[in-house]
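Fold and geometry: a report
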Amino acid sequence: MESGKTGKYFKYAIGEIVLVVIGILIALQINNWNSAQKDIAKEQQILLSLKEEFKQNIKELSFDHQVNLSCINAMTKLLNFDEKVDFETRTIDSLMGQANNFATFDARLGVINDISSSGNLELIRDSKLRYKLNQWTGELDDYKEDIIIRRDYWINNTPSMTNKLLPARNMDTSMDREDYARDIIIKPIEVPKSNYIEFLTSLEIDGFLFDSYMNQSFVTTNEEAIMRFLEETLELIETNINQ
C-alpha cells in the first residue's frame, strides 16, 4: 500500500514539474516572439528613415550632377572653340562662367551614421542590404578625393590663367542657379577682343582647361557610380519595408 501511494505521489510530482517546465518554455517563447516583433517594428522604422534619406540624397546628387555636366560641357566647348571663326566675346564669358560653376554633392548621412553607431544596423534582416549600407560611406571616399583635387586645382590656377586676359566679373552673369540666388548682379565690362583670342590660342591656358576638364570628368564619373549605388540600395530598402 505504501509503495503504491509513493508511486502515485511521484507521478503527481513529475506531472507538476512537467507542467511548470512547459509553462516556462511557453513564457520564454512568448517573450522571444514579443522581442522579435519589437525588433521588426524598429527595423521597419529604420528602413522608412533610410528611405527618406536616400531619396533626398538622390534628389540632391541629381541636381549637382546636372550642374557639373554643364560645367564639363562648357570646358569641352572652350577646348574645341575655333577662334578663327567670328565670335562674340560674351560667348567666351558665358562658357567660362559655366566652367566656373561646379557643384559638390554633400551626402546626408544622419540616419546611416546613427544606426551604425548605435549597433542598430544588425536589426536589418536582409544581409545584402546590410552589406550595401556598410559600404555607403566608403563609396563616397573616392568622390571626396576627386572634388578636393578639382576644387584646389581650379582655385589655385584660375586667377593666374584667366584674370590677366579676361574679366572675372563677366563670368558672374552666367552663374545663376536656384541654390545660388543673388539680389545683386555685377555689371560686366569690356576688354579688347584680342584678349579673348590670346586666351583661346595660349598653349598654357589650353593645358589648364584640359586638366580642369579631366578633373571634372573624374568627379562626374564618380557621381554616376554613386547614383547607381543609391538607386540600387533604395530599391533594396523599399523591398524590405513591410516584409
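First things first, this report covers the structure right here in the doc. One numbering rule holds for all chains: residues counted from 1, following each sequence as written. The model is predicted, so local features are restricted to residues of pLDDT at least 70 and side-chain atom pairs to those at 80 or more, both for listing and for counting; the totals for chains, interfaces and linings are taken over all residues. Computation of side-chain values covers all heavy atoms of the structure but excludes hydrogens and water.

So, on to the packing of aromatic side chains. Ring geometry is summarised as follows: Phe, Tyr and Trp rings, the Trp one being its six-membered ring, pair when their centres sit within 6.5 Å, and such pairs are stacked at plane angles under 30 degrees, edge-to-face over 60 and tilted between the two. All chains considered together, the criterion is met by 8 aromatic pairs. Both rings, one in tryptophan 136 and one in phenylalanine 229, keep their centres 5.7 Å apart while their planes meet at 15°; by these two values the pair is stacked. Of the two residues, tryptophan 136 sits in helix 4 (residues 127-162) while phenylalanine 229 sits in helix 6 (residues 203-240), which places them 93 residues apart along the sequence. Each member of the pair, tryptophan 136 as well as phenylalanine 229, is classed as buried. Following the ring pairs from residue to residue traces out a cluster consisting of Phe102, Tyr153, Trp154 and Phe208. Each ring is checked for a lysine NZ or an arginine CZ that lies within 6 Å of its centre and within 35 degrees of its normal; such an atom marks a charge sitting over the ring. Positioned above the aromatic ring of phenylalanine 87 is the side chain of lysine 193, whose terminal nitrogen or guanidinium carbon lies 4.7 Å from the ring centre. Helix and strand definitions follow DSSP, with helices as H or I runs of at least four residues and strands as E runs of at least two, each counted in order from the N terminus. To sort residues, take the accessible area from a 1.4 Å probe on protein chains only and compare it with the maximum for the residue type: under 20% means buried, over 50% means exposed, and anything in between is partly exposed.

So, about the packing of helix 2 (residues 89-99) against helix 5 (residues 193-201). Helix axes use the C-alpha atoms of the stretch in contact, all axes being lines fitted to C-alpha atoms, and the angles between their N-to-C directions lie in the range 0 to 180 degrees. Axis separation between helix 2 and helix 5 bottoms out at 10 Å; the angle between their running directions is 50°. Taken together, the axes of helix 2 and helix 5 lie oblique to each other. Regarding helix 2 and helix 5, the two cross each other, and that crossing is left-handed. Across from Thr89, Ile92, Asp93 and Met96 in helix 2, the residues of helix 5 making contact are Lys193, Tyr196, Phe199 and Leu200. Residues were grouped as follows: Ala, Val, Leu, Ile, Met, Phe, Trp, Tyr, Cys and Pro as nonpolar; Asp, Glu, Lys and Arg as charged; and all remaining residues, including Gly, as polar. Across the contact of helix 2 with helix 5, the residue classes tally to 5 nonpolar, 1 polar and 2 charged. To sort the angles, those under 35 degrees are grouped as roughly parallel, those over 145 as roughly antiparallel, those from 65 to 115 as roughly perpendicular, and the leftovers as oblique. Working rule for handedness: look at the near helix, and if it is turned counterclockwise from the far one by less than a right angle, call the crossing left-handed; if clockwise, right-handed. We call two residues in contact whenever any of their non-hydrogen atoms come within 4.5 Å of each other.

Turning our eyes to something else, we now look at a negative patch on the surface. Taken together, Glu139, Asp141, Asp142 and Glu145 make up a surface patch of like negative charges. Tracing the backbone through its elements, the reader meets glutamate 139 in helix 4. Exposure remark for glutamate 139: the relative accessible area of 32% places this residue in the partly exposed category. The patch calculation keeps residues exceeding 30% relative accessible area without a salt bridge and links them within 9 Å when they carry like charges or within 5 Å when they are nonpolar (Val, Leu, Ile, Met, Phe, Trp, Tyr). Per-residue and other accessible areas were derived by the Shrake-Rupley procedure at a 1.4 Å probe size, with only the shown protein chains allowed to occlude residues. Any carboxyl oxygen of Asp or Glu that lies within 4 Å of a side-chain nitrogen of Lys or Arg is treated as forming a salt bridge with it. In this tally, Asp and Glu contribute negative charge and Lys and Arg positive charge; neither His nor the terminal groups of the chain are included. Charge coordinates come from a single atom per side chain, which is NZ of Lys, CZ of Arg, CG of Asp or CD of Glu.

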